[in-house]
Amino acid sequence: MEALKMFCYQCSQTAKGTGCTVSGVCGKVPTIARLQDNLIYIGKGIAAYLYHARELGYTDSEVEHFVADGLYTTLTNVNFDAERFVQFALYAGKMNVKVMKLLKEAHIKTYGEPEPTEVQTGTVKGRGILVTGHSLKALEELLKQTQDTGINIYTHSEMLPAHSYPGLKKYSHLVGNLGKAWFDQKTLFAQYPVAILGTSNCVLLPKDSYRDRMFTMGVTGLPGVKHIDGYDFSPVIETAKSLPELEDKPGDVVLTTGFSKSVILSLAPRIKELVEQGKIRHFFLVGGCDAPLKKDEYYREFVQRLPKDTVILTLACGKYRFNDLDLGEIEGIPRLIDIGQCNDAIVAIDVATALAELFGVSVNELPLSIILMWMEQKAVAILWSLLSLGLKGMYIGPIIPAWVNEEILNILVENYDIHLISDPEQDINSILKG
């Protein structure tokens with residue numbers, strides 16, 4: 001039987017058999033296709049951040065135009081130039097920096113600048129609603145509507161940093177955080193008899209055991225789960241009232257979050273002294289989007305093995321791999337500094353830039369290493385943001401991103417000194433001896 005014939009836009013001819021470009025042997029189409037996928041992932045990340053900024057009344061026309069241009073660029077027969085795709089990805093990274101700044105501005109102007117805050121991880125006696133996702137706007141509206149109802153509000157995963165904003169922490173019934181990263185939902189949500197509100201991405205198909213007490217809103221939707229249009233959470237509240245009370249059961253750990261740019265930079269003079277005195281040897285930014293992979297255990301082991309004269313900054317749900325550890329401090333400087341949500345990568349960028357100016361060096365000359373996890377969607381957008389700013393020497397893992405082939409990996413390694421994580425001890429030794 002004759003092999004299926006396909007028209008190859010790259011070769012402009014009908015191709016047949018395993019020797020043609022379509023099958024991937026020559027490598028041109030797969031690389032272009034992967035760069036297209038990469039750009040789509042970045043666009044998804046940018047769109048997510050822009051969505052939450054728009055919720056609070058903030059937008060940017062340049063970013064909006066880019067999202068349209070970026071998607072158009074990925075049409076099959078529009079662009080076959082791999083180098084142009086790389087340059088477009090770098091430009092996309094710059095647009096993601098811009099939208100992260102916009103969202104941070106929206107959060108601070110609406111809720112105040114975050115401040116270091118201890119967050120309980122257990123339950124408080126009474127009925128409850130558990131909020132997951134990224135939307136601080138949704139959380140604020142829910143807090144307003146549940147005030148004086150006797151219902152307690154708990155956060156999950158990327159909502160943890162909400163506890164550090166003055167405009168949100170003022171609500172006394174925002175009582176704590178339950179669970180860890182996004183993928184523990186099916187176990188966590190089944191464990192606690194509370195109403196559940198999914199405010200953005202990272203919701204999973206629900207188990208039947210909690211489907212009838214879960215709600216989605218905005219762009220989020222799940223089959224068989226009730227959806228809220230707008231911000232009227234009356235159905236969520238009524239469901240919470242119908243459920244049994246939780247017991248008063250404190251958690252085993254207390255988490256600390258909310259180290260804003262201003263807070264960290266207020267410590268800059270002291271940090272400079274400790275670095276110059278040799279008491280702080282190195283800074284590590286360890287974070288990103290966690291995944292339910294055995295290989296992700298690397299990140300906890302990595303942090304545990306770091307010498308006591310190092311400081312760890314973290315953000316996004318990847319921090320749950322190790323944010324329960326008591327790492328102590330270095331003469332008043334916490335060794336573990338939680339910056340916030342994934343979009344708060346902009347805070348890390350601003351802090352690194354400010355420290356570079358303080359020490360009179362470039363960011364790449366700082367005693368700072370970036371260890372990122374799970375390169376998809378928002379994480380891809382953040383990676384290209386860092387690359388667009390010229391940062392080099394980053395480590396990524398736990399696996400090679402799906403949009404990377406050997407050709408793309410070589411570009412990242414040769415131009416940006418990207419490293420794939422290996423063994424925690426080996427990587428630490430390589431970084432600190434470099």
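Above this text you will find the structure in question.
Quick look at the structure, then. (Residues numbered from 1 in each chain as written. Predicted model: local features only at pLDDT ≥ 70, side-chain atom pairs only at ≥ 80, totals over all residues. Heavy atoms only, no water.)

1. Structural notes on the pattern of salt bridges
- Tallied over the full model, the rule gives 25 salt bridges.
- Residue lysine 144 is joined to glutamate 140 by a salt bridge in which the shortest nitrogen-to-oxygen separation is 3.7 Å. Of this pair, lysine 144 and glutamate 140 both sit in helix H4 (residues 136–146), 4 residues apart, which is roughly one turn of the helix.
- The network of salt bridges with shared partners includes Lys137, Glu140, Glu141 and Lys144. (Salt bridge = Lys/Arg side-chain N within 4 Å of Asp/Glu carboxyl O. Helix = DSSP H or I, 4+ residues; strand = E, 2+ residues; numbered from the N terminus.)

2. Some thoughts on the environment of threonine 220
- Relative to the helices and strands, threonine 220 is located in the loop between strand E8 (214–217) and strand E9 (226–228).
- Overall, threonine 220 belongs to the buried group, its relative accessible area being 6%.
- Sequence separation between threonine 220 and alanine 402 is 182 residues, and the spatial gap between their C-alpha atoms is 24 Å.
- When residues no more than four places from it in sequence are discounted, the contact partners of threonine 220 are Gly198, Thr199, Ser200, Asn201, Val203 and His227.
- A polar contact of 3.1 Å, which involves the side chain of threonine 220, links it to the backbone oxygen of serine 200. (Buried < 20%, exposed > 50% of the residue type's maximum accessible area, 1.4 Å probe, protein only. Contact = heavy atoms within 4.5 Å. Polar contact = N/O pair within 3.5 Å; in protein donor to acceptor, adjacent residues only side chain to side chain.)

3. Description of unusual backbone geometry
- Looking along the chain, the bond that leaves glycine 397 and enters proline 398 is cis, with omega of 5°.
- Mapped onto the elements, proline 398 comes out in the loop between strand E17 (395–397) and helix H14 (406–416).
- A positive phi is found at serine 157, a non-glycine position, where the angle reads about 55°.
- Among the secondary structure elements, serine 157 is positioned in the loop between strand E5 (151–155) and helix H5 (166–169).
- In this structure, aspartate 417 takes a positive phi of about 55° despite not being glycine.
- Within the secondary structure, aspartate 417 is located in the loop between H14 and strand E18 (419–420).

It is worth stressing that arrangement in space is one thing and function is another; only the former is reported here.
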